[in-house]
Amino acid sequence: MALALLAQAHGLHPAGWMKAPGATDGTNDIDYHVAMAQLAEKGKFDLFFIADTPAARTDNLDAWSRYIPYMNCLEPITLLTALAGHTSRIGLGGTASTSFYEPYNLARLYGSLDHISHGRAAWNVVTSGNNYAARNFGEDKLAPHARRYARAKEFVEIVKALWDTYDDDAVVFDKARGVYFDPAKFHVLDHQGEFFKMHSALNLARCPQGQPVIIQAGASDAGKELAAETAEVVFNSDDTPEAAKAYYDDVKGRMAKFGRTPDEIRVLAGLTPTIGESRWEAEDKHRTLQEMIHPLVGKIRVASDLEADVSDLDPDQPIPLDRIPKSANLHTRYFQQIVAMITEQKLTLRQLWQRYERGNKRVIGTPADVADAMEEWFSLGACDGYMVIFPTLPDGLEAFVAGVVPELQRRGLYKLDYEGTTLREHLGFRRPESRYARAGMKAAG
Ligand SMILES: Cc1cc2nc3c(=O)[nH]c(=O)nc-3n(C[C@H](O)[C@H](O)[C@H](O)COP(=O)(O)O)c2cc1C
């Protein structure tokens, strides 16, 4: 079972930051993040992952001042690079948007992180899901979903080609001959596509993993296609085993047409555990947090994923069906889930914001309850592991490492220690050969 930690400073619950220990905000404190990464490494997590969007919200500040994820956060690649020096085994993954980066910058950044971390880097490919980001880059709103994914596909192809600029043995460092690298093993990319035109070579030797690990969380058709073609870790967010299994089979079933086999992707299901020494204690923690969601925050969360204004609605009435837009342009899956909850469960707006979890599997209970839930999905073949999304941090991670990890180990579901040193090794992947070496071998053979 593979495990990743979604490591936002105070956890993902909108009220999580109010439960942070002590009076000091650790958000911008590197020591706080180091302690969290080291704790995750103690728990043998495969991946420490930072989600991101390149934007603060610029309106509804009364609401966003109470709901802080992404309003104040360290830039992920900078943070991961700092963490690389304080950890030795755990994978270090972060999000960067194909809508707002250029492939060259991105290839350099993650390639460098892979060198600095000795082979532990991972890039989460996203097309971005909010218009605030678009407005930071000269646009009024995000490009249509299909267009963003078309750019993402071309973007990833270029990044992967750039990571192969140098063959593994290209840098000879031959002081006697005065030759630093072998020009025959250095490859210039000529690319002309719909979005990018490049005559380009990366000024960075091939990295320890060959290529950093690619993560994707596509939920739409286009997203799943991109995942099947390029991703190695896929995050899924479904809240029933049937839906998770269907997603798992769907993504893996699409891989063959890209010449890939199902074991080349690890699907990690989103898991939101609230852990207590007793079920009662866990439920009490959960209820307290849900009741702490300020109505302004509840409304803004619903509005963001429903892509509709709900600010004027009475929290204790159902959402009128005519508020539901015909289609989504931001996060398709979240939109579908929230629409289904509105239409099928007939919830009031308040019930909706208290129950909606962006599809993740919510478990509230003792360490054994959490391990049971994890074992169930895993043995059904609905996932290869979990992306653990704690409502509050660092206490959620502390309870998980102290209670759930030993329980999973006792059941033989989870490793007792890291076997390798790179993220690829933790995930059971081979190191990819350079495309040029591969082509050369074919030509010779
Ligand atoms: C665990 C997890 C982490 C994600 N992290 C990010 C992120 O950091 N930034 C982002 O813009 N989207 C993030 N997403 C959203 C996905 O990239 C994607 O937009 C979403 O699942 C909808 O898929 P679609 O774009 O194919 O409709 C994440 C999704 C999941 C399940």
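Residues numbered from 1 in each chain as written. Predicted model: local features only at pLDDT ≥ 70, side-chain atom pairs only at ≥ 80, totals over all residues. Heavy atoms only, no water.

**Student:** Even after reading the chapter, I still don't get the site of the ligand, so can you show me in this structure?
**Tutor:** In the region of the ligand, 19 residues are neighbours, and Asp52, Thr95, Tyr149, Ala217 and Ser220 sit closest. Coverage of the ligand by the protein amounts to 93% of the 620 Å² it exposes when considered alone. Along the lines of polarity and charge, the residues of the shell around the ligand split into 8 nonpolar, 10 polar and 1 charged. Both domain 1 (2–142 + 205–284 + 359–429) and domain 2 (292–355) contribute no fewer than three residues apiece to the shell around the ligand. (Near = heavy atom within 4 Å. Areas by Shrake-Rupley, 256 points an atom, 1.4 Å probe, with all protein chains shown as cover. Nonpolar A, V, L, I, M, F, W, Y, C, P; charged D, E, K, R; others polar. Domains from an automatic or database assignment.)

**Student:** Is there a simple way to think about the domain arrangement of the chain in this case?
**Tutor:** Where interface size is given, it is often the accessible area lost as the parts come together that is meant. Domain annotation for the chain reports domain 1 (2–142 + 205–284 + 359–429) and domain 2 (292–355). Once you take the C-alpha centre of each, domain 1 and domain 2 turn out to be 25 Å apart. With 21 residues of domain 1 in contact, the opposing surface of domain 2 contributes 17 residues. Around 1,600 Å² of area is buried between domain 1 and domain 2 when both sides are counted, 65% of it from carbon and sulfur atoms. Across the contact surface, domain 1 and domain 2 share 0 salt bridges. (Contact = heavy atoms within 4.5 Å. Buried area = accessible area lost by both parts, 1.4 Å probe. Salt bridge = Lys/Arg side-chain N within 4 Å of Asp/Glu carboxyl O.)

**Student:** Explanation requested: the packing of helix α3 (residues 76–84) against helix α4 (residues 103–116) in the structure shown.
**Tutor:** Viewed as axis vectors pointing N to C, α3 and α4 meet at an angle of 10 degrees, and their least axial separation amounts to 9 Å. Here α3 lies roughly parallel to α4, going by the angle between them. Note on element contacts: α4 touches α3 through Leu109, Tyr110, Leu113 and Ile116, opposite Ile77, Leu80, Thr81 and Ala84. Taken together, the residues that form the contact of α3 with α4 break down as 7 nonpolar, 1 polar and no charged. (Axes fitted to C-alpha atoms, helices over the stretch in contact; angles between N-to-C directions. Helix = DSSP H or I, 4+ residues; strand = E, 2+ residues; numbered from the N terminus. Parallel < 35°, antiparallel > 145°, perpendicular 65-115°, else oblique.)

**Student:** Sorry if this is basic, but what is going on with the packing of aromatic side chains here?
**Tutor:** The geometry of an aromatic ring pair comes down to the distance between the two centres and the angle between the two planes. If you walk through the whole model with that rule in mind, you get 13 aromatic pairs. With centroids separated by 6.2 Å and ring planes inclined at 35 degrees, the aromatic side chains of tyrosine 110 and tryptophan 123 adopt a geometry described as tilted. Pair noted here: tyrosine 110 is in helix α4 and tryptophan 123 is in strand β4 (residues 121–126), with a separation of 13 residues, a long-range link. Like tryptophan 123, tyrosine 110 is buried. Pairing tryptophan 123 with phenylalanine 155 gives two aromatic rings, centres 5.9 Å apart and planes at 45 degrees, and the pair type is tilted. Separated by 32 residues along the polypeptide, tryptophan 123 in strand β4 and phenylalanine 155 in helix α6 (residues 145–163) bring together distant segments of the chain. Residue classification places tryptophan 123 among the buried residues on the basis of a relative accessible area of 0%. Under the relative-accessibility criterion, phenylalanine 155 is labelled buried at 0%. Chaining the aromatic ring pairs together yields one cluster made of Tyr110, Trp123, Phe155, Trp163 and Phe196. We note arginine 57 situated over the ring of tryptophan 64; from NZ or CZ to the ring centre the distance is 4.5 Å. (Phe/Tyr/Trp six-rings, centres within 6.5 Å; stacked < 30°, edge-to-face > 60°. Buried < 20%, exposed > 50% of the residue type's maximum accessible area, 1.4 Å probe, protein only. Lys NZ or Arg CZ within 6 Å of the ring centre and 35° of its normal.)

**Student:** Before we go on, may I ask you to explain a nonpolar patch on the surface in this structure?
**Tutor:** On the surface, Val171, Phe173 and Tyr180 cluster together to form a nonpolar patch covering roughly 310 Å² of accessible area. Mapped onto the elements, tyrosine 180 comes out in strand β6 (residues 179–181). You can call tyrosine 180 partly exposed: its relative accessible area is 49%. (Patch = residues over 30% accessible without salt bridge, like charges linked within 9 Å, V, L, I, M, F, W, Y side chains within 5 Å.)

**Student:** Teacher, can you tell me more about the nonpolar core here?
**Tutor:** Soluble globular proteins tend to pack their nonpolar side chains together in the buried interior. Ranked by size, the top nonpolar core spans 69 residues in total, and within it Phe45, Phe48, Trp123, Met374, Tyr386, Leu397 and Phe400 carry the most contacts. Among the elements that make up this core, the one with the highest residue count is α6 (9 residues). (Core = buried A, V, L, I, M, F, W, Y, C linked by side-chain atoms within 4.5 Å.)

**Student:** Can you walk me through the side chain of serine 97 in this structure?
**Tutor:** The topology assignment puts serine 97 in strand β3 (residues 91–97). Within the structure, serine 97 has its side chain in polar contact with the side chain of serine 128 (distance 2.8 Å). (Polar contact = N/O pair within 3.5 Å; in protein donor to acceptor, adjacent residues only side chain to side chain.)

**Student:** I'm lost on helix α8 (residues 241–253) in this one. Help?
**Tutor:** The α-helix advances 3.6 residues per turn, and as a result positions three or four apart in sequence lie on the same side. When the terminal C-alpha atoms of α8 are compared, their 18 Å separation across 13 residues agrees well with the 18 Å that a helix rising 1.5 Å per residue should span. By the burial criterion, the buried members of α8 are Pro241, Ala244, Tyr247, Tyr248, Val251 and Lys252. All buried residues of α8 fall inside an arc of 125 degrees around its axis, so they share one side. In this structure, α8 carries Glu242 and Gly253 as exposed residues pointing more than 90 degrees from its buried face. (Expected span 1.5 Å × (residues − 1). Arc of directions from axis to C-beta.)

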